[in-house]
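As a plain string of letters, each chain reads:
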2 protein chains.
Amino acid sequence: MALLTGTSTELDRLRTAGLRPTRQRVALARLLLGPGAHPRPRHVTAEALHIEAARAGIKVSLATIYNTLHQFTGAGFLREVVVDSGPSYFDTNLGEHHHLYFEDTGELRDVDAANVRVTGLPAAPRGTEVARVDVVVRLRHRKG
Amino acid sequence: MALLTGTSTELDRLRTAGLRPTRQRVALARLLLGPGAHPRPRHVTAEALHIEAARAGIKVSLATIYNTLHQFTGAGFLREVVVDSGPSYFDTNLGEHHHLYFEDTGELRDVDAANVRVTGLPAAPRGTEVARVDVVVRLRHRKG
DNA sequence: CAATAGTTTAGAACTACTCTAAATAGGAAC
DNA sequence: GTTCCTATTTAGAGTAGTTCTAAACTATTG
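Residues numbered from 1 in each chain as written. Chains lettered and ligands numbered in written order. Predicted model: local features only at pLDDT ≥ 70, side-chain atom pairs only at ≥ 80, totals over all residues. Heavy atoms only, no water.

Some remarks on the protein's contact with DNA strand C
Piece 1. Near DNA strand C you find 20 residues, and of these Tyr66 of chain A together with Thr22, Gln24, Arg25 and Thr64 of chain B are the closest.
Piece 2. Atoms of DNA strand C within 4 Å of the protein: sugar and phosphate make up 86%, bases the balance.
Piece 3. One nitrogen or oxygen atom from the side chain of Arg20 of chain A is found 3.4 Å from a base nitrogen belonging to DNA strand C.
Piece 4. Here a phosphate oxygen of DNA strand C sits 3.2 Å away from a polar atom, N or O, in the main chain of Lys59 of chain B.
Piece 5. Within the residue set of the surface near DNA strand C, elements represented by two or more residues are helix H4 (62-74) of chain A together with helix H2 (23-33) and helix H4 (62-74) of chain B.
Piece 6. Classifying every residue of the surface near DNA strand C by side-chain character gives six nonpolar, eight polar and six charged. (Near = heavy atom within 4 Å. Polar contact = N/O pair within 3.5 Å; in protein donor to acceptor, adjacent residues only side chain to side chain. Helix = DSSP H or I, 4+ residues; strand = E, 2+ residues; numbered from the N terminus. Nonpolar A, V, L, I, M, F, W, Y, C, P; charged D, E, K, R; others polar.)

Points about the sheet that holds strand E5 (residues 108-112) of chain A
Piece 1. Read across the sheet, six strands follow the order E5(A)-E4(A)-E7(A)-E7(B)-E4(B)-E5(B) without closing on themselves; strand pairing throughout is mixed. Single-partner strands in this sheet number two, and they are E5 of chain A together with strand E5 (108-112) of chain B. The sheet shows a mean angle of 30 degrees between the axes of neighbouring strands, taken without regard to direction. (Pairing = 2+ DSSP bridges. Axes fitted to C-alpha atoms, helices over the stretch in contact; angles between N-to-C directions.)

So, the domain arrangement of chain A
Size of an interface, as often reported, equals the accessible area lost when the parts are brought together.
Residue and element names in this part refer to chain A.
Piece 1. The domain boundaries assigned to chain A delineate domain 1 (9-81) and domain 2 (93-139).
Piece 2. Taken together, the contacts link eight residues of domain 1 with ten residues of domain 2.
Piece 3. When residues of domain 1 are sorted by the area they lose upon contact with domain 2, His43, Arg79 and Val81 head the list and together hold 69% of the total.
Piece 4. Taken together, the links from domain 1 to domain 2 amount to one salt bridge.
Piece 5. Between Asp134 and Arg79 there is a salt bridge whose closest N-O contact spans 3.9 Å.
Piece 6. Inspection of the domain 1/domain 2 interface yields three residue pairs in polar contact (both at pLDDT 80 or more).
Piece 7. Split into classes, the residues belonging to the side of domain 1 that touches domain 2 amount to four nonpolar, two polar and two charged. (Domains from an automatic or database assignment. Contact = heavy atoms within 4.5 Å. Buried area = accessible area lost by both parts, 1.4 Å probe. Salt bridge = Lys/Arg side-chain N within 4 Å of Asp/Glu carboxyl O.)

Here's the deal with the protein's contact with DNA strand D
Piece 1. Taken together, 20 residues sit near DNA strand D, with Thr22, Gln24 and Arg25 of chain A together with Tyr66 and Ser88 of chain B positioned nearest.
Piece 2. Close to the protein, within 4 Å, the atoms of DNA strand D belong to sugar or phosphate groups at a rate of 86%.
Piece 3. Taking Thr22 of chain A, its side chain carries an N or O atom lying 2.5 Å from a phosphate oxygen of DNA strand D.
Piece 4. For the surface near DNA strand D, the secondary-structure elements that each account for two or more residues are helix H2 (23-33) and H4 of chain A together with H4 of chain B.
Piece 5. For the surface near DNA strand D, the element with the most residues is H4 of chain B, which contributes four residues.

Okay, structure coming up:
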């Protein structure tokens, strides 16, 4: 009874994405994508997720954390965000959005793209298409 | 005579910025910022600059390349751009501008900000100010 | 030109990942 | 269930990009 409690939403999502629902993947999917897991949207680093998983009693190596984060990104469950050197963030917010980046703390906050309009950008050059337009508002502690 | 040829513009810029005009810094300033050095704007990585300097007969260690790039950035001679994991780019374009990023090749191209308008962004939260708004258009090879 | 403080350097160290090859574990077939 | 096969996981080595350290060097001041 204990093993199969809870919805198997995550299990189904994994299977649909062609990912075998292993213990590690299911557990990480619950942590990141499960209902009421953490307040979302979240911006998690591999290192942070590794620690969080360990605290939750999930035994998973760092290599698997990286593999899984990339597989989830490929499957469209997450979005990778790089704003500066240092670790990548994986964002659970899949909607169109941009970011507020606090340079002093490294904190990343979402900005719904619904209200934001970017005009005057050039057309995509021949042979290319726009994958995404990222807007990052870099904030620093007000001086003075 | 040979040692002091050329304008000493770079030398003065360094001094004004409080940077002692050492052989290495002057040589790198000429490569990056000097008139007619390379077509500009440029997006150079530390590694690429190290190789370029070596080819130009400038003996400079990689550590100094990194130090100098950061000092130049601090002095406002360069701007650091991070678009994905991998090396940082240092941009000689100091005007307001955004970037086209070719995901397949890693190429970075400037977009003059004069024509671009970004509206609907939230105000900077209390105690912070906007350091910069970066727009990155991510391009990929058109599929299909 | 000597003193001194800022610079440079080689090489070690470090961070954030990725790879490798062996062990493990889903899941289909019986 | 048991067997088999392949996907997955893992520890640990390896790598890229960058920073640190402590000693050697050099631009400037007196």
